[in-house]
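# Fold and contact review
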Amino acid sequence: MQANDGAAPSSLWPEGVRSSVALAFDVDGPTGNAMLDGSIWRNPSFFTLGAYGPWRAVGYLLDLLEEYRIPATFFVPTWVLENWPAQIRAIVERGHEIGYHGHQHEAFWQLTRERQQEVMAMSLALFRKHLGLTPAGFRTPSGDWGADTIEILLDAGVRYSSSMRGDDRPYFIDHAASGRSLVEIPGRWELDDYASLAYQRNPDYPAGLDRIASYDATFDNWRREFDGSHRDGLCMTTLFHPKVSGKPGRILLLERLCRHMRSRDGVWFARCGEVAQWWRERHAGARVVA
Amino acid sequence: MKTPERSHWPDGKRMAFVVTVDFFDAAGILAQEPRMAGREKSLSVWQYGARRGVDRLLDVLDEFKLHASWFVPGSVALEHRAMVRRIHGAGHEIGNASFGCENFDALSLAQQRDSLLSAQAALADVTGEAPVGFRSPFGNWAPGFTQQLRAAGIQWSSSWRGDDLPYLHPSSGEAAQALVEVPLHYELEDEPYFTFNLYPPVPVGQPRIASYREVLGNWQQDFAGFHRLGLCLPLRLHPEIIGTAGRIDLLREFLSHVLSHDDVWVATGRELAAWWSSRHTGNEPGHPVDVFSPLHEASVAP
């Protein structure tokens, strides 16, 4: 796979836009391995730690995004949707996009084709039931997928993914056998709040129980990531988690970042779906084959 | 950001602030890291609390006229009777932290009950008063244990997470007595930032000790967030960690910052729980504890 590059900054985006920012949040809540193996039902501290995200932090984030008039994308495992439908419905009602993120945050790369299809079908049914919508985007839980996943996503009607890490602007992933393609909007670990702020015990994260980073230093890192992306005219997305960076003290960190980004001209604040649509319409010539 | 529409707290105060202290002595680290047994040098890191940290912490709390909620395992109270009496005599609340600082994940429900009740008896013997607060040292307990807490006269716990306001554990059976949870946040604990031992390694990955200045910065920012949103901020301290000569000023500076706001309600856990249970009979619909509890009750032991 090779990335498309070489374009001058201004040529990637609509007239007057220098760079795009597609803020994205993974509303994992308590889903993930401990739920998939059932151990979470004997681990109240860990369940409640995760549940804080959809229960409280999503609301704080929606207020923040409204204040700075920034549209965003929320990738939501549908177990979270089933248990906190009002909180997830508020995301849609306040103008943001919802994307697929598994049902209980399944690791797609470890699932059979049939199981991946089942998860996508179950998720779609729940999005239709609770929200009356069909998501266009998918972020693979845990970030890895199988050799058959692209075809499964395309068959499920998915138009774009935000799963990979290997570029700083969107690109196409073609499914050669059927002539169809996904737009990929890659994220970066530098812009994943797990790399700086997440902390939990039993199961331990980070595995070696490294310290929670300084909020000031974390803001400085993220601010520099934005500045570089904007200078070079790229697309910056994030892997933020409400339960991590939507906590009361860290909302202030995100607020500083939003204020900083808003102070720059020529930033296109967009939902991932809008970035993907633009890319498909304007850059369809620059293809790579998966 | 929206400011709170109404106060959750007495006298229209904007937020609640509670200082909790885990006085676990060597019992805590021995339960967490069994390889500590017999390692005198390493154990002395945790014994520093009884040696120096408790007194230093008591002095600072006195300086700020602040009453904290101290969680003490029964075995630690029996070993440090005079010290625990002194903490209690200074007006602080003494809560139950199990008998031997056990990790409840390794105990059956019956063993958890025995640990709870033995600690109630030991603490009542030492202080003359049965605790009404409880902390599971490692955060968890088995299905059915909330009934045991109520039966033992426990009115509040600070063990679980999931909210930035207190909440109520669902009532079960005929036990109608309220059991309030004051939920924790790792970023408001001293231990994740500072605990250290070379070998056996604590934390397991041997990360560097965090920058004191930057931790103070984080705590001040956390406080600003909790204050703005009108929430309940529980600090969780350890005398052997925060009560060192070099780190105690970090606490002093933080308390001084918090208490410079006249709209902060400073309470013990017991006062907080009494206030909350007098105003609430349940939680908002969809609360994590209400989602979790039926699944917890239905779960099978691993």
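This text follows the structure it describes.
Model, not experiment: these values are computed from the prediction. (Residues numbered from 1 in each chain as written. Chains lettered and ligands numbered in written order. Predicted model: local features only at pLDDT ≥ 70, side-chain atom pairs only at ≥ 80, totals over all residues.)

Right, let's get into the sheet that holds strand β9 (residues 235–237) of chain A. All names here are of chain A. Taken together, the 3 strands give an open sheet; going across it, the order is β9-β1-β10, and neighbouring strands pair in parallel fashion. Of all the strands in the sheet, just β9 and β10 (267–269) have a single pairing partner and so form its edges. Averaged over all neighbouring strand pairs, the angle between strand axes comes to 20°, with direction disregarded. Here strand β1 (residues 19–22) pairs with β9 via 3 bridges, running parallel. Across the sheet, Ala22 pairs through a bridge with Thr237, a residue of β9. (Pairing = 2+ DSSP bridges. Helix = DSSP H or I, 4+ residues; strand = E, 2+ residues; numbered from the N terminus. Axes fitted to C-alpha atoms, helices over the stretch in contact; angles between N-to-C directions.)

On to the interface of chain B and chain A, then. Interface size is often expressed as the accessible area that is lost when the parts come together. The partner chain A presents 36 residues to the 38 residues of chain B that form the contact. Looking at the side of chain B that touches chain A, its residues break down into 19 nonpolar, 12 polar and 7 charged. (Contact = placed C-beta atoms within 7 Å. Nonpolar A, V, L, I, M, F, W, Y, C, P; charged D, E, K, R; others polar.)

Residue and element names in this part refer to chain A. Extensive coverage of strand β8 (residues 180–184) is indicated by the burial of 4 of its 5 residues. Here strand β7 (residues 171–175) pairs with β8 via 5 bridges, running antiparallel. What sits directly across from Ile173, in β8, is Leu182. In this antiparallel pair of consecutive strands, β7 and β8, the connection spans 4 residues, and Gly179 shows a positive phi of 70°. (Buried ≥ 20, exposed ≤ 12 C-beta atoms within 10 Å, placed from the backbone.)

Counting 75 residues, the largest nonpolar core has Ala22, Ala24, Phe74, Val76, Ile185 and Val275 of chain A as the members making the most contacts within it. At 12 residues, helix α2 (residues 44–67) of chain A tops the list of elements feeding residues into this core. Once residues within four sequence positions are removed from consideration, Ala22 of chain A is found in contact with Thr73, Ile185, Cys235, Thr237, Ala270, Arg271, Cys272 and Val275 of chain A. Formed by 72 residues, the second largest nonpolar core is a distinct cluster that contains Leu58, Leu235, Trp265 and Leu272 of chain B. (Core = buried A, V, L, I, M, F, W, Y, C linked by C-beta atoms within 7 Å.)

Once that is clear, we can look at the packing of helix α8 (residues 212–229) of chain B against helix α10 (residues 248–259) of chain B. Residues and elements named next belong to chain B. Between α8 and α10, the shortest axis-to-axis distance is 10 Å and the interhelical angle comes to 20°. Considered as vectors, α8 and α10 are oriented roughly parallel to each other. The crossing of α8 and α10 is right-handed. Contacts between α8 and α10 involve Tyr212, Val215, Leu216, Trp219, Gln220 and Phe223 from the first element and Leu250, Glu253, Phe254, His257 and Val258 from the second. For the contact of α8 with α10, a count of residues per class yields 8 nonpolar, 2 polar and 1 charged. (Parallel < 35°, antiparallel > 145°, perpendicular 65-115°, else oblique. Left-handed = near helix turned anticlockwise from the far one by under 90°.)

Before going further, it helps to spend a moment on the pairing of strand β1 (residues 15–22) of chain B. Residue and element names in this part refer to chain B. The element β1 is extensively covered by neighbouring structure, given that 8 of its 8 residues are classed as buried. Residue alternation in β1 divides its side chains into two sets, Met15, Phe17, Val19 and Val21 and Ala16, Val18, Thr20 and Asp22, and both sets are buried. With 3 bridges joining them, β1 and strand β9 (residues 264–266) adopt parallel strand pairing. Pairing of Ala16 across the sheet is with Trp265, part of β9. Across 3 bridges, the pairing between β1 and strand β2 (residues 69–72) is parallel. Note that in β2 the partner of Asp22 across the bridge is Phe71.

As far as function goes, none of this settles anything; it's purely spatial.
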